[in-house]
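# Architecture and fold: a report
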Amino acid sequence: MSGPAGRSPARSTRRAGGGGRPAHTVVFACLDADTLGGVQRVTHTVAQGLAERGHDVHVIGLHRAARPFRYVERPAYHRHVVHRTPAGPLSRLGRRRERRRLAALLDRLGPGFAVLSSPSVVTRIRALIPRHLLAIGQYHGSYRHARGSWHLRAVSGHYGRLEKAVFVSEDDAWSFSEHARLPNTWSIPNPLPSWPSRTSDLTARRVLGIGRLEGVKRFDRLISAFALACGAGEPPGRAGGRARGDPPGSGPPGDGAGGWELHLIGEGAEEERLRAHARACGVADRVVFRGAVPAAEMAREYLGGSVLGLSSEHEGLPLVVAEAASYGVPAVAFDVSGGVRSLVSDRETGLLVPPADVDAFAAALAELMSPADGGDAAERRRRLGAAARVRAEAFRPERVLDRWEELFEHVIR
Amino acid sequence: MGIAQTVINVPDCSVVVITYNDARRLPRAVRSVLGQSLRNVEAVVVDDASTDDTERVARALAEQDPRVRYVRRERNSGGCGAPRNAGVAAARAPYVMFLDSDDRLTRHACKSLLEEIERTGADFVTGQISRYYEGSRRSRRYYPELFARRRTVEGIAAEPGMFLDSFATNKLYRIDLLRRVPFREDLHFEDHVFSAELYCAARRFAVVPWTVYLWHRARARAAPTSISLRYAELDNARQRIRAARLSDEALRRHGHDQLLPERHHRFLRQDLRVYLNTLPARDPVWIAEFTTLARPYLAEIDPAVLDRLDPVARVCCSLILQGRARELAVAARSLNGPQAPPRTAVRRDGRTYWGTVPSPEMDITALRMAELPFTASRLRHEAALAVRGTRLALAVRTYDPFGVLAAHPGWTAALRLGPHRVRLTPREQPDGSLLSEAALDLAALRPGGRLGFDGHCEPKVVVTRPDGRSTSDVLLVDPAAEPVRLAVPGHRVTVRAEGAAGVLRVAWRRQGVLRRASRLAELKARAVRRLSGPRLKLRVYKGLIKVLPPRPDLALFESDVGAGYTGNPRYVHEELRRRGAPIRAVWSVARNRRNFPPGVPLVRRMSWRYVWTMARAGYWVDSHGLPLDYPKPPRTRYLQTWHGQGIKSIGFNSPDLRADFPGPRARWRAAVARWDALVAPSAEFERIFVPSNEYTGPVLRYGSPRCDVLVHGDPAAAERVRDRLELPPDRRVLLYAPTYRDQAKFSGASVRADLEEMAGALAGEWVVVLRPHPVERYRVPAHLRYFVRNAASYPEINDLMLASDALLTDYSSVMCDYAVTGKPMLFLIDDWDEYRRVERGVYHDLPAIAPGPCLATTGELICALRDLDAVSASFAAKYAAFRELWCADEKGEASARVVEDFFGLAPPAGRPRPAVPARPPVRAAVLGWLR
């Protein structure tokens, strides 16, 4: 065949379901597809959704996970692992093996798309993708996170040569297009795993902090802010905290925060330090370390929460905020990325404060716990929570899958 | 629609590819259209009546892909306007782009611009154009500042600077706009008139920052010399000026008279510059004709627009206006390359003028060439060259417009070519210039030694004054001269005039046996590189430390990852030497670093010998971190002296270790576990640093070894600095030492003071010694070198502190050392909120504790410096508190105490051994981390 049809990668077949959109082969490639992590969860959710819509979906892990995790009970897609070893540097022989196995696997697939899930995957196998699969690169972090690491160079150096570079929010896509001069940006949010029918009644006096107890999540800042909001006094080590320009009177609101607790859900290396920090802040009895909670039981946690605190140093698109919003729980968050902004519009669907400004974070928490101005905190929570749930609709799986199919259409325009 | 159906119904975008006698490159251009990520495109190839193979090639392309259409014009139009109009008439898509057959579109050009025009509703979208150099296969963005922001512009009046983007090619247009604004078919540079009309007609356009168009530049060819070409070029200039006039008319017609100055500015910066750049290569008749040609149009331009140009370009315009064609050739030569000084200049009332008469339109004061220190001073060397056999004969005419030579009697001059020098004996000429002759036998030079040399070098005239300091400048030769090629043993040598200014350059290329031998040497080097990769070195090292015991009489010293002989390790080393300790110290040195004193044994960092020394040394002493992945041999003792204290977040709280991957944290934890003792300059350092790095070993708190000299003073230091940096004796010295920004290392972003503004206000009283952070790169602009000395490579910062009268910094740890001196400090912290919250993180509220004024603008800084005594007096109490916090332990005996403690040496008679040698660290209960 000659001409454009000869170059066309996706010999599309109409789907049996008659959905109107053509079915494609879609390959997702991760460094390790079965390790427990955010990127992997998103990949498997999308893969399952697309497979259920009739696409021929394959998830490739370049390496085997050290402790494999099963995301989808009955996968409707195919799974492949290239190396039996966990992720790490490859020998010359290993690289050759990778080339051979990927070629054998990809060459037998029909035309479609290859979604490469991170800069390390893009730099490693971009050149190995055969022509009948159109390569799409994903980046799950924020522009800010990329700028502080080797990712920015990798993204700006390689993603522009792919069919599309997909980011988690429009703001991030814009930043990459402007500062990394990428001509092919696109954005697709991460999908929620499910959409709840019930919402929290927002009456429990409970602030939620959800995530691995690791440094990057900065739960120390959440504890400090929570302590300030409770009026437990200045936490220690605040020497550099306040600076010129901070609003006066953003301190603790005094009493009235009685009975509020901060529940930290997750486990990790920082737990001891965080416990000590809570003691030092005088809120040891109000900060509850809940450890890891299985995904199936998270619904109960969201239903029992009233406010979510997001204190991370970096976030791409924090799904916990979307999940909380889907249960009608509003969030207080540091404005660290376009992903956060896509979920939390200040005073509309939550409260947004400048990155690392603990005082402002505390003031925002206090507003939703027991406001100094005597307003009705519960009413505020309900208003923000309801709006947050509406906003979170955009993250419902079917919406996100529509967006993926839109992307495929766009690539072959 | 599936992609199988991209066989065209209506294309989304038509790309009009115009071609004339370019059968060779046309397929490349068309392929760049067919390879677009927007599949639904059409390529309309418009052939302007080519007489070569173009028609056959184009028809073949159309045969192969139905998206290609071929339009042939009957008669050649001699321009681009007619074929582009024909292409627009034939285009079927609602959007159109233009492409010349010798250029290419980037892969996403059509789709990305299409999306942008659909999103913004603009009339056209313009994107970055890049020059693509076929020789080096590199591309360079053209006027990147115009495209830096992705934006929508509501009409040209909102951003008249966009006149600088007047290409027809880097844009996607709505086709109805093109039908309203056709190209003129009766002139060259129709795109200039077109873009003026276009900007007037478009109510909105969008700008995108990514490259959409690659403007191919073929390998450099010889300058045009034939008569017909010369006249063609003159006619070309005439056409360009005509296009400029027509563009002006278009602006007036659309009622945009107020934008004329911006259009004229564009003409001066782009159009006129094309001819000025190549002017030095022209003959006098051509230059005279060109001057006559350009003069009337320049006379129409408002002098205020001329004043916006850089000084030399302004001088060129003045010379055209005055019809001084001969001088114009001299001035135009200074526009490019080394930007040579004038032949003559006059100074009057502190201002400098080009030529012999001080008139305002010849003012070049802004270049500040007349006020440079001797080693940076500028001379103009114009040379005539002759090659006989392998001998290169040069007659060098030297002009000294600023009287540098007269000010330094006893100077000598030499011609330097790589390592070779030939003495020059200049003779004064009646016109005030100096004439000297030199002859070089290129066959006698053996660059690169036995293996020969591939590369080039530019001969320079070096003027040395009696105290040994020297200054050098390149030689200018006739830029129109043909390169001379000659053979010398083992090489082919080319002598040529490089660039528009005609800098003399000699290039060598190995031939014959040497060429083959060099390939062998490369193979060998590649094999060696493969065999000594970092992984292998680490493996060998780990094996070595299992079997080799460390030697107690060998110590490895390293400061700032091998950058120099400085910091705490230096003073610990000197104390050991003073004591005559039986320990041989070997210093680690990074590649390309010098400034180590003679007699200090060196080992290149990460070399095999370095690996061996790490394995053998009984002591490691360093200030940052020896290679992080290298475990310490069990019996080696590691003294971590660290390199500063201050407000910045550190260790696990620093941005490097805060990112969302755990690897770097684990690595740093293992590296810290190697430390056997930590030098702590103060209690505050200990309170912050120790828990932030989760360090649990002994702490030596006697102050900083490197601060001893600041306590005792060093009278010779000021002299050393003033001499080496050539600081004028009547100026006060401001040491400017900003710290780096974590997100922008090596970018120069940390130099936030407006040095230009400072120079304007302070140059009479102050001189700035700029000391950027070692992970920062900053080049002082040439016109500021009279006021700012770059001390980045000065070997010892202590000298700079001792020699200065005040310190300007932002968040650098240097403030804590400088406090020892008691001299005034100023803080320029315009980005404090960003820095403390996001960029870095801090432990202290700097405005609250700062021992000097915290300033947000250069204006405030200038005011504070003008009133420095009163300002610093008002900070006396805060200064004392700051010293108490950070410098209370600085007693001037830190080196001695640290050495006694760590190396177990006895104290000299008269001072008792410290009562508590190594204390367990004070653990703050919980630091509360940084905020």
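Starting afresh in each chain, residues are numbered from 1 along the sequence in its written order. All chains are assigned letters beginning at A, and all ligands numbers beginning at 1, according to the order in which they are written. Local features in a predicted model are, by the rule used here, given only for residues with pLDDT of at least 70; side-chain atom pairs are given and counted only at 80 or more, and totals for whole chains, interfaces and linings are based on all residues.

## Notes on the overall build of chain B
For chain B, the helix and strand inventory stands at 31 helices and 37 strands. To sort residues by burial, count the other C-beta atoms lying within 10 Å of each one's C-beta; a count of 20 or more means buried, 12 or fewer means exposed, and anything in between means partly exposed. C-beta atoms are built from the backbone. Split into buried and exposed, the 931 residues of chain B put 45% on the buried side. Contact between residues is assigned whenever the C-beta positions, reconstructed from backbone atoms, fall within 7 Å. Contacts in chain B between residues at least 24 apart in sequence constitute 71% of all its contacts with a sequence separation of at least 6. A run of H or I in DSSP counts as a helix once it spans at least four residues, and a run of E counts as a strand once it spans at least two, with each numbered from the N terminus.

## Some details on the UniProt feature "domain: Glycosyltransferase subfamily 4-like N-terminal" (unreviewed entry) in chain A
UniProt positions are given in the numbering used here, feature names are shortened, and annotations may be inferred rather than shown by experiment. According to UniProt, the "domain: Glycosyltransferase subfamily 4-like N-terminal" (unreviewed entry) feature falls on residues 37-191 of chain A. The span residues 37-191 of chain A carries 39% helix and 21% strand; its end-to-end C-alpha distance comes to 14 Å.

## A short note on helix 3 (residues 81-90) of chain B
Residue and element names in this part refer to chain B. The buried fraction of helix 3 is high, at 8 of 10 residues. All of the buried residues along helix 3 are Gly81, Ala82, Pro83, Arg84, Asn85, Ala86, Gly87 and Val88. Elements that come into contact with the buried residues of helix 3 comprise strand 1 (13-19), strand 2 (41-47), strand 3 (68-72), strand 4 (95-100), helix 6 (175-180) and helix 7 (190-201).

## Examining the nonpolar core
Formed by 225 residues in total, the largest nonpolar core has its most connected members in Leu365(A), Val15(B) and Val17(B). The element best represented in this core is helix 13 (residues 358-369) of chain A, accounting for 10 residues. With sequence-adjacent residues up to four places away left out, Leu365(A) is seen in contact with Val207(A), Ala225(A), Phe226(A), Ala229(A), Val307(A), Gly309(A) and Val332(A). Leu700(B), Met801(B), Leu807(B) and Val899(B) belong to the second-largest nonpolar core, a separate cluster that totals 100 residues. By our criterion, buried Ala, Val, Leu, Ile, Met, Phe, Trp, Tyr and Cys residues that link up through C-beta atoms within 7 Å make up a nonpolar core.

## Brief notes about the sheet that holds strand 12 (residues 287-291) of chain A
All names here are of chain A. A pair of strands counts as paired when DSSP detects no fewer than two bridges linking them. Across the sheet, 6 strands lie side by side as 12-11-10-13-14-15; this open sheet has parallel pairing. On the outer flanks of this sheet lie strand 12 and strand 15 (350-353), each paired with one strand and no other. Across the sheet, the mean angle from the axis of one strand to that of its neighbour is 20 degrees, orientation sign disregarded. Bridge count between strand 13 (residues 307-310) and strand 14 (residues 331-334): 3 bridges; the pairing is parallel. The partner of glycine 309 across the bridge, within strand 14, is valine 332. Whenever a helix is involved, its axis is fitted only over the stretch in contact; in every case the axis is a line through C-alpha atoms, and angles between N-to-C directions fall within 0 to 180 degrees. Helix 11 (residues 319-326) rests against strand 10 (206-210), strand 13 and strand 14 of the sheet, and its axis sits at about 170 degrees to strand 13.

## Focus on the pairing of strand 12 of chain A
Residues and elements named next belong to chain A. Pairing between strand 11 (residues 261-265) and strand 12: 4 bridges, direction parallel. Its bridge partner being in strand 12, histidine 263 is matched across the sheet by valine 288. Assignment of crossover handedness uses the view with strands pointing away from the viewer, where a clockwise path from the first strand over the helix to the second indicates a right-handed crossover. For the segment spanning strand 11, helix 9 (residues 271-280) and strand 12, crossover handedness is right-handed.

## Examining the environment of Leu34(B)
You can see Leu34(B) is positioned in helix 1 (residues 26-34). Setting aside its immediate chain neighbours within four residues, Leu34(B) contacts Ala43(B), Asp65(B) and Arg67(B).

## Notes on the packing of helix 23 (residues 755-762) of chain B against helix 28 (residues 858-866) of chain B
Residue and element names in this part refer to chain B. Direction vectors running N to C along helix 23 and helix 28 enclose 30 degrees, while the axes themselves pass 10 Å from each other. Our classification of the angle between helix 23 and helix 28 gives roughly parallel. The hand of the helix 23/helix 28 crossing is right-handed. In contact with Glu757, Met758, Ala761 and Leu762 of helix 23, helix 28 contributes Thr858, Ile862 and Leu865. Three residue categories are used. Nonpolar comprises Ala, Val, Leu, Ile, Met, Phe, Trp, Tyr, Cys and Pro, charged comprises Asp, Glu, Lys and Arg, and polar comprises the others, including Gly. Taken together, the residues of the contact of helix 23 with helix 28 break down into 5 nonpolar, 1 polar and 1 charged. Should an angle lie under 35 degrees it is considered roughly parallel, over 145 roughly antiparallel, and from 65 to 115 roughly perpendicular; all remaining angles are considered oblique. In this scheme the crossing of two helices becomes right-handed for a clockwise turn of the near helix relative to the far one and left-handed for an anticlockwise turn of less than a right angle.

## Re the UniProt feature "domain: Glycosyltransferase 2-like" (unreviewed entry) in chain B
Here, the residues flagged by UniProt with the feature "domain: Glycosyltransferase 2-like" (unreviewed entry) are residues 14-179 of chain B. Annotated as 31% helix and 28% strand, the span residues 14-179 of chain B places its first and last C-alpha atoms 14 Å apart.

## Some points on the sheet that holds strand 36 (residues 825-828) of chain B
Residues and elements named next belong to chain B. The strand order across the open sheet built from 6 strands is 34-33-32-35-36-37, with neighbouring strands paired in parallel fashion. A single partner strand is all that each edge strand has here, and the edge strands are strand 34 (788-790) and strand 37 (854-855). Relative to strand 37, strand 36 runs parallel, the two being bridged by 2 bridges. Its bridge partner lying in strand 37, leucine 828 is registered against leucine 855. Together, strand 35 (806-809) and strand 36 form the strand contacts of helix 25 (residues 814-821), whose direction differs from that of strand 35 by roughly 165 degrees.

## What to know about the environment of Ala677(B)
Counting through the fold element by element, Ala677(B) comes out in strand 30 (residues 677-679). The class of Ala677(B) is partly exposed, set by 19 C-beta atoms lying within 10 Å.

## Describing the environment of Arg150(B)
With respect to the helices, strands and loops of the structure, Arg150(B) is situated in the loop between helix 5 (144-147) and strand 8 (151-153). Between the C-alpha atom of Arg150(B) and that of Val96(B), which follows or precedes it by 54 residues, the distance is 21 Å. Ignoring anything within four residues of it in the chain, the contact list for Arg150(B) reads Ser177(A), Glu178(A), Val207(B), Val208(B) and Pro209(B).

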